[in-house]
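Structural overview
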Amino acid sequence: MSATVIGPGITIEGEVSSDDEVVVGGVVRGKLNVAGQVTVEADGVVEADIEAKSVSVGGHVTGNIQASERVDLLAGGRLVGDVTAARLTIADGAVFKGNVDMGS
């Protein structure tokens, strides 16, 4: 399995679907539907709802996240939106504004 990289300088508007990992270093607006992992790098901006197996946020995400396994909000990461996941970790220096549902 290989990663799909949305690099710096790239802006995607609309729905992005992938069976593999997606790494966001650019801008995504719309919706992300990924069977694997989503990684938002420090310079990445996502203005979209995300559905994935797991999500790692090092950049900026505005939108709701639904993860079947886990969401990791890294130091320097910023998340504005609701999270539905079995596990959520928030590192020192991360910013989170929203609600969390860790139910079944």
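Let me sum up the structure you'll find in this document. Predicted, not measured: the structure shown is a model, and the values here were computed from it.

The residue Asp-72 is located in strand β8 (residues 65-73) in this model. Residue class for Asp-72 comes out buried when judged on its relative accessible area of 16%. Residues in contact with Asp-72, not counting those within four places in the same chain, are Val-55, Ser-56, Val-57 and Thr-89.

This brings us to the side chain of Thr-39. Along the polypeptide, Thr-39 turns up in strand β5 (residues 37-40). According to the relative accessible area criterion, Thr-39 is buried, its value standing at 19%. Excluding anything up to four places from it in sequence, Thr-39 contacts Glu-21, Val-22, Val-23, Val-24 and Ser-56.

Our focus in this paragraph is the environment of Glu-47. Examined against the element boundaries, Glu-47 turns out to sit in strand β6 (residues 45-57). With near-sequence residues (within four places) excluded, Glu-47 lies in contact with Val-28, Arg-29, Gly-30 and Thr-62. A polar atom in the side chain of Glu-47 sits 2.9 Å from the side chain of Arg-29.

Cut-offs applied
Residues numbered from 1 in each chain as written. Predicted model: local features only at pLDDT ≥ 70, side-chain atom pairs only at ≥ 80, totals over all residues. Heavy atoms only, no water. Helix = DSSP H or I, 4+ residues; strand = E, 2+ residues; numbered from the N terminus. Buried < 20%, exposed > 50% of the residue type's maximum accessible area, 1.4 Å probe, protein only. Contact = heavy atoms within 4.5 Å. Polar contact = N/O pair within 3.5 Å; in protein donor to acceptor, adjacent residues only side chain to side chain.

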